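Secondary and tertiary structure notes
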Amino acid sequence: MSRSHRTSHHEPDTAVELNPLFSRPGESTIFPRFTLPDGESLPATAYQVVHDEAMLDGNSRLNLATFVGTWMETEASTLYAETFDKNMIDKDEYPQTALIETRCWRMLADLWNSPDPGKSIGTSTIGSSEACMLGGLALKRRWQHARREAGKPTDNPNLVLSSAVQVCWEKFCNYWEVEPRFVPVSAEHPVLDGHDLDKYVDENTIGVVAILGVTYTGRYEPVELISEALDEIQARRGLDVPIHVDGASGAMVAPFLQPETVWDFRLPRVASINTSGHKYGLVYPGLGWVVWRDAEALPEDLIFHVSYLGGDMPTFALNFSRPGAQVLLQYYLFLRLGFAGYRSVQATSRDVALYLSSEIGDMDAFTLWSDGSDIPVFAWQLTEGYTDNWNLKHLSERLRMNGWLVPAYPLPDGLGEVTVQRIVVRNGFTRDLASSFLADLTKAVEYLDSLTSPMPADKQPEGFHH
Ligand SMILES: Cc1ncc(COP(=O)(O)O)c(C=O)c1O
């Protein structure tokens, strides 16, 4: 999220001062901002300074921009506090955490209809970004093997994806030198739907990314249609192109709310799927998952072997050390909620999203882009011709005055001239809070509508990063 009105890069080089109430005799009451203090301070003092600064971040429950979990039960917090010392990579020292990690991804393989979850392979990651990198790397390596076997060059891999992909895929292509072939979104094809795929796919295509829950609008890409388009390409041109499903949000929503939608391992072309445990998996930040259909989808030469209980534990990850506690929190939730519990939590979020989107869609000022019926995320634009006096960024600023963080940003290439505003409804954003939000939104619009001349539109903040 961009915080241009208070960015850290432009902090003054003045000292951090302590409220005199907390100072103790002989203790420093000011701390240098950018150099290590000369001496020690008491734990209570250091705590208070950091606590007070963190308070300025705002209230995470009013953050309607983030997809990431901001609320868990007391028992989860207790478990978190008991386990935050565990390092996920220390499988030898924490064998039970390692076993629990495996149980979790096996459950996900099953939830995502793997034909044989016992043959699937998975891992936890720090988030979907790392999970997508791993999914992309497996696609690339698999393609390289096939090309080498066929005696063909491997120097020009490409990946086909919508222009609305999350930035982690641009990173993947940049870091691992894969040419991104973006299919632009348009008014007729607001998501990647298989249309025109023929023009983008060739013998150097390592795979196609399908997004289950586009970050900008919350809409599902129809993985089944994309798969059918690739079947048709294979029949005609002999190219067998696998799909990675980026289900950062949707892979933890669709199984519960849209079980009839075929998007997962039921489609033979789907090689791998990722999700964020910390989004609709409902865990605090720091957890992602990726599962491959079977060993063929994850080339053996990408796997490293660490010693585990005197045996061998295969791992595939970008990091070495990382927290293990989030994995335990995920397992807690799987036990605590089960299928019915997840369905009920996600259904409640969807109900709130549908309520909000229908109220917002009824306002003259706004035209909906999506209504929250896929993942509980929806976006709207300012109705064409409604006003020249204000735009959605002004509205976003106005809502901030009540503590609400509701980003406004341009849609991706192909629809870049359209600015939308988006709400992510998460567990903990109740109907009650939604009603308070609507009251504040209505007031903000009334205020902006009452202006008799245009709000300044230059130097507006850049918007939110995804
Ligand atoms: C579709 C999609 N993919 C990947 C990501 C990156 O996920 P993470 O923040 O877990 O790294 C996001 C985050 O919003 C996303 O929406």
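All figures in this text were calculated on a predicted structure; none of them were measured in a lab. (Residues numbered from 1 in each chain as written. Predicted model: local features only at pLDDT ≥ 70, side-chain atom pairs only at ≥ 80, totals over all residues.)

Topic: the nonpolar core
- Ala 210, Leu 212, Val 223, Val 245 and Val 291 are the most contacted members of the largest nonpolar core, which totals 109 residues.
- Among the elements that make up this core, the one with the highest residue count is helix α9 (residues 325–361) (12 residues).
- Residues lining this core come from more than one domain, with at least three contributed by each of domain 2 (78–333) and domain 3 (344–449).
- With near-sequence residues (within four places) excluded, Leu 212 lies in contact with Tyr 220, Glu 221, Val 223, Val 245, Asp 246, Gly 247, Gly 250, Ala 251, Ala 254 and Trp 263. (Core = buried A, V, L, I, M, F, W, Y, C linked by C-beta atoms within 7 Å. Buried ≥ 20, exposed ≤ 12 C-beta atoms within 10 Å, placed from the backbone. Helix = DSSP H or I, 4+ residues; strand = E, 2+ residues; numbered from the N terminus. Domains from an automatic or database assignment. Contact = placed C-beta atoms within 7 Å.)

Overview of unusual backbone geometry
- We note that Asn 113 has phi near 60°; this positive angle belongs to a residue other than glycine.
- Among the structural elements, Asn 113 can be located in the loop between α3 (95–111) and β3 (121–125).
- The phi dihedral of Asp 196 falls on the positive side, at around 70°, and the residue is not glycine.
- Looking at the secondary structure, you find Asp 196 in the loop between β5 (179–183) and α6 (197–200).

Here's the deal with the domain arrangement of the protein
- For the protein, the domain assignment lists domain 1 (4–57), domain 2 (78–333) and domain 3 (344–449).
- The C-alpha centroid of domain 3 is placed 37 Å from the C-alpha centroid of domain 1.

Some thoughts on the sheet that holds strand β13 (residues 377–382)
- The strand order β12-β13-β15-β14 describes an open sheet built from four strands, whose pairing is antiparallel. Of all the strands in the sheet, the pair left with one neighbour each is β12 (366–368) and β14 (408–410). Within this sheet the neighbouring strands show an average axis-to-axis angle of 40°, counted without direction.
- Relative to strand β15 (residues 419–424), β14 is paired through three bridges, and the arrangement is antiparallel. When the sheet's bridge partners are listed, Ala 408 is paired in β15 with Gln 421. (Pairing = 2+ DSSP bridges. Axes fitted to C-alpha atoms, helices over the stretch in contact; angles between N-to-C directions.)

Focus: the sheet that holds strand β8 (residues 270–276)
- An order of β3-β9-β8-β7-β6-β4-β5 is seen for the seven strands of this open sheet, with the pairing classed as mixed. The sheet terminates laterally at β3 and β5, the two strands that pair on one side only. Each neighbouring strand pair of the sheet contributes to a mean axis angle of 20°, computed without reference to strand direction.
- Note that strand β6 (residues 205–211) and strand β7 (residues 243–246) share four bridges and pair parallel. Each residue of the ladder has a partner; that of Val 209, found in β7, is His 244.

With respect to the packing of helix α2 (residues 74–83) against α9
- Viewed as axis vectors pointing N to C, α2 and α9 meet at an angle of 150°, and their least axial separation amounts to 9 Å. The pairing of α2 with α9 is recorded here as roughly antiparallel in orientation. Seen from above, α2 lies across α9 with right-handed handedness. Across from Ala 76, Leu 79, Tyr 80 and Thr 83 in α2, the residues of α9 making contact are Ala 325, Leu 328, Leu 329 and Tyr 332.
- Of the residues contributing to the contact of α2 with α9, the split by class is seven nonpolar, one polar and no charged. (Parallel < 35°, antiparallel > 145°, perpendicular 65-115°, else oblique. Left-handed = near helix turned anticlockwise from the far one by under 90°. Nonpolar A, V, L, I, M, F, W, Y, C, P; charged D, E, K, R; others polar.)

Considerations on helix α7 (residues 223–237)
- Over its 15 residues, α7 runs 20 Å from end to end, which matches the ideal 21 Å to within 8%, given 1.5 Å per residue.
- Taken residue by residue, α7 has Val 223, Ile 226, Ser 227, Ala 229, Leu 230 and Ile 233 as its buried positions. The buried side chains of α7 occupy one side of the element, clustering within an arc of 160° when seen end-on. Summarising the geometry of α7, the exposed residues directed more than 90 degrees from the buried face are Ala 235 and Arg 236.
- Tucked inside the fold, the buried residues of α7 contact α6, β6, β7 and β8. (Expected span 1.5 Å × (residues − 1). Arc of directions from axis to C-beta.)

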